[in-house]
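Listed below are the residues making up each chain.
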Amino acid sequence: MTPALQQALLQLRLEHPLRLTPAQASALGRSTGLSENKLAQALLAQAQRLARAPVSGFAVGAIAITGSGHWYLGANLEFAGLALHHAVHAEQSAIGHAALYNERRIVKMVVSASPCGHCRQFMQELNQPELLIILPGEQHTLAALLPHAFGPADLGISTGMLGTAPAPLASDSPDPVQQAALTEANQSHAPYSHNQAGVALKLTDGRVITGRYLENAAFNPGLGPMQLALSQLSLHRAHPEHICQAVLAERTTTISQYPGAAQLLAAVSPVPLHQLALSSRNAS
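Description of the structure in this document. Quick caveat, the model's predicted, so the values are computed rather than measured.

With 51 residues, the main nonpolar core has Met109, Leu201, Met226 and Leu230 as its most contacted residues. No other element matches helix α4 (residues 90-100), which puts six residues into this core. In this structure, Met226 is in contact with Val199, Leu201, Ala261, Leu264, Leu265 and Leu273, ignoring residues within four places of it in sequence. The next biggest cluster of nonpolar side chains, apart from the first, holds 19 residues, and it includes Leu9, Leu20, Ala25 and Leu39.

On to α4. Taking burial as the measure, the eleven residues of α4 include eleven buried ones, the bulk of the element. Within the span of α4, buried status applies to Ala90, Glu91, Gln92, Ser93, Ala94, Ile95, Gly96, His97, Ala98, Ala99 and Leu100. At the exit of α4 stands Asn102, carrying a positive phi of roughly 60°.

For Asn195, the position within the fold is in the loop between α7 (176-186) and β7 (197-203). With a relative accessible area of 0%, Asn195 lands in the buried category. For Asn195, the side chain forms a polar contact with the side chain of Gln257, separated by 3.1 Å. Discounting residues that sit within four places of it in the chain, Asn195 has contacts with Ala190, Tyr213, Glu250, Arg251, Thr253, Ile255, Ser256 and Gln257.

With that out of the way, let us pick up the packing of helix α8 (residues 225-235) against helix α9 (residues 258-266). Two elements in contact, α8 and α9, have axes separated by 8 Å at closest approach and are oriented at 30°. Taken together, the axes of α8 and α9 lie roughly parallel to each other. Residue-level contacts link Met226, Gln227 and Leu230 of α8 to Ala261, Leu264 and Leu265 of α9. Of the residues contributing to the contact of α8 with α9, the split by class is five nonpolar, one polar and no charged.

Looking now at the environment of Ala94. Secondary-structure assignment places Ala94 in helix α4. Ala94 gets classed as buried once you look at its relative accessible area, which sits at 0%. A C-alpha to C-alpha distance of 9.5 Å links Ala94 and Ser231, two positions 137 residues apart in sequence. Excluding residues that lie within four positions of it along the chain, Ala94 makes contacts with Ala62, Ile63, Ala64, Tyr72, Leu73, Gly74 and Met109.

What counts and how
Residues numbered from 1 in each chain as written. Predicted model: local features only at pLDDT ≥ 70, side-chain atom pairs only at ≥ 80, totals over all residues. Heavy atoms only, no water. Core = buried A, V, L, I, M, F, W, Y, C linked by side-chain atoms within 4.5 Å. Buried < 20%, exposed > 50% of the residue type's maximum accessible area, 1.4 Å probe, protein only. Helix = DSSP H or I, 4+ residues; strand = E, 2+ residues; numbered from the N terminus. Contact = heavy atoms within 4.5 Å. Polar contact = N/O pair within 3.5 Å; in protein donor to acceptor, adjacent residues only side chain to side chain. Axes fitted to C-alpha atoms, helices over the stretch in contact; angles between N-to-C directions. Parallel < 35°, antiparallel > 145°, perpendicular 65-115°, else oblique. Nonpolar A, V, L, I, M, F, W, Y, C, P; charged D, E, K, R; others polar.

Quick look at the structure:
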């Protein structure tokens, strides 16, 4: 990171940026004289510092630049003792971060190296073949990096990962943590299994960290709600020992997020996972 960028971040009180507003991104560009792409690439080092990679030892950062002008940082997250298919890739982390703010379009994904096939397929679920992938010294559309792609349109889904409007779920529970999980379930993307699901983790300081299910047409590259919640926990520099309550809200279908989510939580925290099983018509 250049001294000019370090100074600009200090002046804007962004020593640990996670999300930049359009005004903040513009101010950083003016202060440093860097173009949008160069500025984002310079900020990747900040994202990489948020990575947790106890298995591979390889830290990856990514930045999603959205149609609203907001920037969202993401980093890879691995879990000691668990297989790598539980890991959250940096691109997934950044896009999931944007999803939690209900962004509807990703304009650019800025990464330090060409995305792996897993992440290319995950991004295909955005249903945006014109999405730009910004790499050092070059840029490509997602369509160019993933020719002859298979995605939502091939399964009759016209919307993308960030444009889902599923059937609403409801619960009369007065518990705010359960309601937070329910909110995420209602914003989740599950057009193939219809297993709408959201997770809420309450911390000892009162904060509630959330995640939602982001399903993929190829299934395996999907991002589970607990994966996204734990990714957010890591990005916000909190620790699993700070979790004091955990809730999974999900629509009951032929599959369930509960077994995988409970296994993942148990790997990092002794707090039990409460399941709020719902249908689109009633509460429980």
